[in-house]
Amino acid sequence: MSPCAACKLLRRRCAKGCVFAPYFPPDDPQKFANVHKVFGASNVNKMLKDLPVHQRGDAVSSMVYEANARVRDPVYGCVGAISSLQQQVIHLQSQLTVANAKILSMQMHNQSSHAGPNDEASFFFLAPNVFYNKGNAPTKIFSKEPTPINAPCKMDSMWT
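All values reported here derive from a predicted model rather than from experimental measurement.

A. Looking closely at the pattern of salt bridges. Applying the stated criterion across every chain yields a total of one salt bridge. Linking Arg70 and Glu66 is a salt bridge whose minimum nitrogen-to-oxygen distance equals 2.8 Å. With Arg70 and Glu66 both in helix α4 (residues 53-72) and four residues apart, this pair spans about one turn of that helix.

B. Geometry of the packing of aromatic side chains. As enumerated under the stated definition, the model contains three aromatic pairs in all. One aromatic cluster is present, formed by Phe20, Phe24 and Phe32 through successive ring pairs.

C. Looking closely at a nonpolar patch on the surface. A cluster of nonpolar side chains, Val75, Tyr76 and Val79, forms an exposed patch at the surface whose accessible area comes to about 340 Å². Within the element layout of this structure, Tyr76 appears in the loop between α4 and α5 (77-114).

D. Structural detail: the packing of α4 against α5. For the pair α4 and α5, interaxial distance at closest approach is 7 Å and the crossing angle is 85 degrees. In terms of their interaxial angle, α4 and α5 are classed as roughly perpendicular. Contacts from Tyr65, Glu66, Ala69 and Arg70 in α4 reach Gly77, Cys78 and Ala81 in α5.

Here is what the cut-offs are and how they apply
- Residues numbered from 1 in each chain as written.
- Predicted model: local features only at pLDDT ≥ 70, side-chain atom pairs only at ≥ 80, totals over all residues.
- Heavy atoms only, no water.
- Salt bridge = Lys/Arg side-chain N within 4 Å of Asp/Glu carboxyl O.
- Helix = DSSP H or I, 4+ residues; strand = E, 2+ residues; numbered from the N terminus.
- Phe/Tyr/Trp six-rings, centres within 6.5 Å; stacked < 30°, edge-to-face > 60°.
- Patch = residues over 30% accessible without salt bridge, like charges linked within 9 Å, V, L, I, M, F, W, Y side chains within 5 Å.
- Areas by Shrake-Rupley, 256 points an atom, 1.4 Å probe, with all protein chains shown as cover.
- Axes fitted to C-alpha atoms, helices over the stretch in contact; angles between N-to-C directions.
- Parallel < 35°, antiparallel > 145°, perpendicular 65-115°, else oblique.
- Contact = heavy atoms within 4.5 Å.

From the geometry alone we can't say anything about function, so treat these as descriptive.
Below you can see the structure in the form of structure tokens.
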């Protein structure tokens, strides 16, 4: 039997009860290499032994994620990735807000051009950022926080 990736990298014999073996298979050596580079084998060993067996898989997944993020971005790690994703969400929300406002404007224009002199409009203004369409749920057209609409959306991913 081949030693686990951790024991192989550490150049030691992989014992039967090796704490690393279930989580760092021999066919994926880079997984442990990054974790070892960021956390150190001794610290990972201590963390895994201190956890109940049913929580170790999640802990290893978290360590692998953080280690991969730290290898890609040594300064910010996961925080940089999360911040980038939050900025993308804000930008996409602003684009959606603009698109919804355009749709609502076109619907109101279309409705007003087809309405007769005694017809009731099907939209009415309720609050500064909400329009109600008769029979439908409210439609928000403006976000609470101002965001730059023409800001570039960075679509690079740290996972690809």
